[in-house]
Amino acid sequence: MNATVDTGKVVASVPELVQGLRARFYEDRTRSVAWRQAQLDGILRFLSERQAEIEGALKADVGKSYFESFTTEINFSAEEARHARKHLRRWMAPDRAPVPMIVQPGSARVYKDPLGVVLIIAPWNYPFSLAIGPLIAALAAGNCAVVKPSEVAPHTSAVIARWLPEYVDPACVKVVEGGIPETTALLEQRFDHIFYTGNGSVGRIVMTAAARHLTPVTLELGGKSPAYVDETADLDVTARRICWAKFTNAGQTCVAPDYILVKSSVHDALVAKLGEALKSFYGDDAQQSGDYGRIINGRHLQRLTALLEGQTVAHGGRVDADDLFIEPTVLTGVRPDAPIMADEIFGPLLPVLKVESPEEAIAFINGRDKPLALYVFSGDKGVQETILARTSSGGAVINHAVMHLACPGLPFGGVGPSGMGAYHGKWGFDIFTHHKAVLKKPTFVDPDLVYPPFTEKKVKWVKRLL
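A. Inspection of the overall build of the protein chain at higher detail. Check the secondary structure of the protein chain and you find 15 helices and 20 strands. For 466 residues, the compact-globule formula gives about 23 Å, and the C-alpha radius of gyration of the protein chain, at 25 Å, lands near that figure. With the C-alpha coordinates aligned to their principal axes, the bounding extent of the protein chain is approximately 85 × 55 × 35 Å. Here the protein chain holds 466 residues, and the buried ones make up 53% of them. Considering only contacts within the protein chain whose residues lie at least 6 apart along the sequence, 71% involve residues at least 24 apart. Within the protein chain, one finds 50 positive and 51 negative side-chain charges whose respective centroids are separated by 11 Å.

This is the structure:
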């Protein structure tokens, strides 16, 4: 937690803060196109004018390089804001709906109402973009919002708290820093939607708290996202793409490939290619590379180090606890029941397991919780479609990984234990919007067909019209 945060004062002020936001919302100041556009424009200025401060905070918290900070956090958020800005008027416009004969004359529309006051709880692995991205959607939808950055990334939290109010309407957007006490105080309040990104354990706490107020939730969780590789895949390209997706942010990415299921006939070749890719990315010593990040803290480093025990290391494996460094590591001969295969790894350890067929891979995937993402590396379209059809995952990519996040027209979210609800682009606008059904009827004609008394003649007409 930021040292300047007084936990007691923050917790005590939370009810008043939320009440104030609700009062602002009911003043209707957030509903106009102009207000929403101004907030999006403000966020874009924030990203541009405070880029150096954001990058410095991300470097301090997660060891991110300039390139990773720009592409996965700053520009990623900017693209979300620009996309929402471009399409905002169309998203806000009422949608026409058909009117059946029995209801005519009349017109039907679906109105897009803001929900009200929403809570956004961000994680530490992408502490900036996963706070700002949902906020963009909430503001585009015309809501007031509380943003709770992760206390595990204190520098990024401080940057958001310090600068965001300078660029958006501070009466309608509040930042609450802190840890468990502050989050608990927030969850005691009534919100109109809660958006949480993080792990399943805390997700259950969030959902339980929301249930007390019948508050809808979006839970962006995680899970063990598999990658399947067969003999028809281009192994050079496959190895580069898997290594990039896995070891970006030192593996601390919710949609990173968690493990590989590879046809046994190409297992050794793929493992060798993975080693070549790692060397080409980070050189002979990844610890000296400016492009490789660090583990968030000592607790997570110890957790990951424990997962390495008893494993066969094909590449990497070196740990420097003082530097929060774990070398990009490829593991072979991993047992399906090993501890590393139980939960999401969320770090730079990549198990490689042999399978004999797509069917064996499908059975392996379906025998575990539904993952947030699934990756199929194969040149066989039949294999691609079979795996897509017979597995369930939040999203999927063929012959690449992670890249579906960069498509604003695609919903991003989980299924089952990997999450509920989806956002990005219009999907984000929709989760923070109430779609209100509105039927308008003229009074110049008022047939008595539906009014008592119900004669046999009326019944016949109703049967014709329905």
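Now that the structure has been shown, we can carry on.
B. Spatial organisation of the packing of helix H4 (residues 66-92) against helix H5 (residues 129-140). Interaxial distance between H4 and H5 falls to 9 Å at its minimum, and their mutual angle equals 10°. In terms of their interaxial angle, H4 and H5 are classed as roughly parallel. Every residue of H5 that contacts H4 at Thr 72, Glu 73, Phe 76, Ser 77, Glu 80, Ala 81, Ala 84 and Leu 88 is listed here: Ser 129, Ile 132, Ile 136 and Ala 140. Here the contact of H4 with H5 is built from residues that sort into seven nonpolar, three polar and two charged.

C. The nonpolar core, seen in detail. By size, the foremost hydrophobic cluster in this structure holds 138 residues, and its most contacted members are Leu 135 and Ile 260. With nine residues, H5 is the largest single contributor of residues to this core. Those residues in contact with Ile 260, other than ones at most four positions away along the chain, are Ala 227, Val 229, Ile 242, Leu 270, Leu 274, Leu 350, Pro 351, Val 352 and Leu 353.

D. A look at the sheet that holds strand S18 (residues 419-420). Strand order in the open sheet made by the six strands is S5-S4-S3-S6-S7-S18, with mixed pairing throughout. Of all the strands in the sheet, the pair left with one neighbour each is strand S5 (173-175) and S18. Judged from the four bridges that link them, strand S6 (residues 193-197) and strand S7 (residues 217-220) form a sheet pairing that is parallel. Considered in S7, the bridge of Thr 197 is made with Glu 220.

E. Structural view of the sheet that holds strand S20 (residues 433-440). On the basis of which strands lie adjacent, the open sheet formed by three strands has the order S1-S2-S20 and antiparallel pairing. Looking at strand neighbours, the two that pair on one side only are strand S1 (95-97) and S20, the edges of this open sheet. The mean inter-strand angle of the sheet, taken between neighbouring strand axes irrespective of direction, is 30°. Bridge count for S1 against strand S2 (residues 107-114) is three bridges, and the pairing is antiparallel. Considered in S2, the bridge of Asp 95 is made with Val 110.

F. Highlighting helix H6 (residues 154-167). For H6, spanning 14 residues, the distance from its first C-alpha to its last is 20 Å, which sits close to the expected 20 Å at 1.5 Å a residue. Helix geometry: H6 is bent most strongly at Ala 161, by close to 25°, with proline Pro 165 lying one to four residues after it. Within H6, burial applies to Thr 156, Ser 157, Val 159, Ile 160, Trp 163, Leu 164 and Tyr 167. Structurally, H6 contributes buried residues whose contacts are with helix H2 (33-49), helix H3 (51-62), H5 and S5.

G. Spotlight on the side chain of Gln 311. Tracing the backbone through its elements, the reader meets Gln 311 in the loop between helix H11 (298-308) and strand S10 (312-315). Contact partners of Gln 311, with chain neighbours within four places excluded, come to Leu 331, Val 334, Ala 338 and Ile 340.

H. Quick look at the packing of aromatic side chains. All chains considered together, the criterion is met by 13 aromatic pairs. Centre to centre, the rings of Tyr 282 and Tyr 292 are 5.1 Å apart; their planes meet at 65°, and the pair counts as edge-to-face. Note that Tyr 282 is positioned in helix H10 (residues 267-282) and Tyr 292 in the loop between H10 and H11, a separation of ten residues in sequence. One exposure class covers both Tyr 282 and Tyr 292, and it is buried. Here the aromatic residues Phe 195, Phe 412, Tyr 423 and Phe 432 are joined through ring pairs into a cluster of three or more. Note that Arg 162 overlies the ring of Trp 163, its terminal NZ or CZ placed 3.8 Å from the centroid.

I. Up close: the state of the cysteines. What the rule picks out here adds up to zero disulfides. With no disulfide of its own, Cys 254 lies 15 Å from the sulfur of Cys 407, the closest cysteine sulfur. Note on Cys 254: relative accessible area 14%, which makes it buried.

J. A look at unusual backbone geometry. Going from Gln 104 to Pro 105, the amide bond is cis rather than trans, its omega being 0°. A cis amide bond, omega 0°, links Pro 452 with the succeeding residue Pro 453. With a phi angle near 75°, Val 402 is a residue other than glycine that sits in the positive phi range. For Val 402, the location among the structural elements is in the loop between strand S16 (395-398) and strand S17 (412-413). Look at Val 402 and you get buried, because its relative accessible area is 14%.

K. Main features of the environment of Ile 194. Tracing the backbone shows Ile 194 in strand S6. Judged by its relative accessible area of 2%, Ile 194 falls in the buried class. Considered as a pair, Ile 194 and Val 117 are 77 residues apart in the sequence and their alpha carbons are 9.2 Å apart. Those residues within four positions of Ile 194 in sequence are excluded, and the remaining contacts are Leu 119, Leu 187, Val 206, Ala 210, Thr 215, Pro 216, Val 217 and Thr 218.

L. The arrangement of the packing of helix H12 (residues 358-366) against helix H13 (residues 381-390) in detail. Packing of H12 against H13 leaves a shortest axis separation of 10 Å and a crossing angle of 25°. The angle between the axes of H12 and H13 places the two elements in the roughly parallel class. As H12 packs across H13, the resulting crossing turns out to be right-handed. Counting all contacts with H12, which are made through Pro 358, Glu 359, Ile 362 and Asn 366, the residues of H13 involved are Val 383, Thr 386, Ile 387 and Arg 390. For the contact of H12 with H13, the residue count by class is four nonpolar, two polar and two charged.

The rules behind these values
- Residues numbered from 1 in each chain as written.
- Predicted model: local features only at pLDDT ≥ 70, side-chain atom pairs only at ≥ 80, totals over all residues.
- Heavy atoms only, no water.
- Helix = DSSP H or I, 4+ residues; strand = E, 2+ residues; numbered from the N terminus.
- Rg over C-alpha atoms; globule rule 2.2 N^0.38 Å.
- Buried < 20%, exposed > 50% of the residue type's maximum accessible area, 1.4 Å probe, protein only.
- Contact = heavy atoms within 4.5 Å.
- Lys, Arg positive; Asp, Glu negative; His and termini not counted.
- Charge placed at Lys NZ, Arg CZ, Asp CG, Glu CD.
- Axes fitted to C-alpha atoms, helices over the stretch in contact; angles between N-to-C directions.
- Parallel < 35°, antiparallel > 145°, perpendicular 65-115°, else oblique.
- Nonpolar A, V, L, I, M, F, W, Y, C, P; charged D, E, K, R; others polar.
- Core = buried A, V, L, I, M, F, W, Y, C linked by side-chain atoms within 4.5 Å.
- Pairing = 2+ DSSP bridges.
- Expected span 1.5 Å × (residues − 1).
- Bend = angle between axes of the 7 residues up to and from the residue.
- Phe/Tyr/Trp six-rings, centres within 6.5 Å; stacked < 30°, edge-to-face > 60°.
- Lys NZ or Arg CZ within 6 Å of the ring centre and 35° of its normal.
- Disulfide = S-S within 2.5 Å.
- Left-handed = near helix turned anticlockwise from the far one by under 90°.

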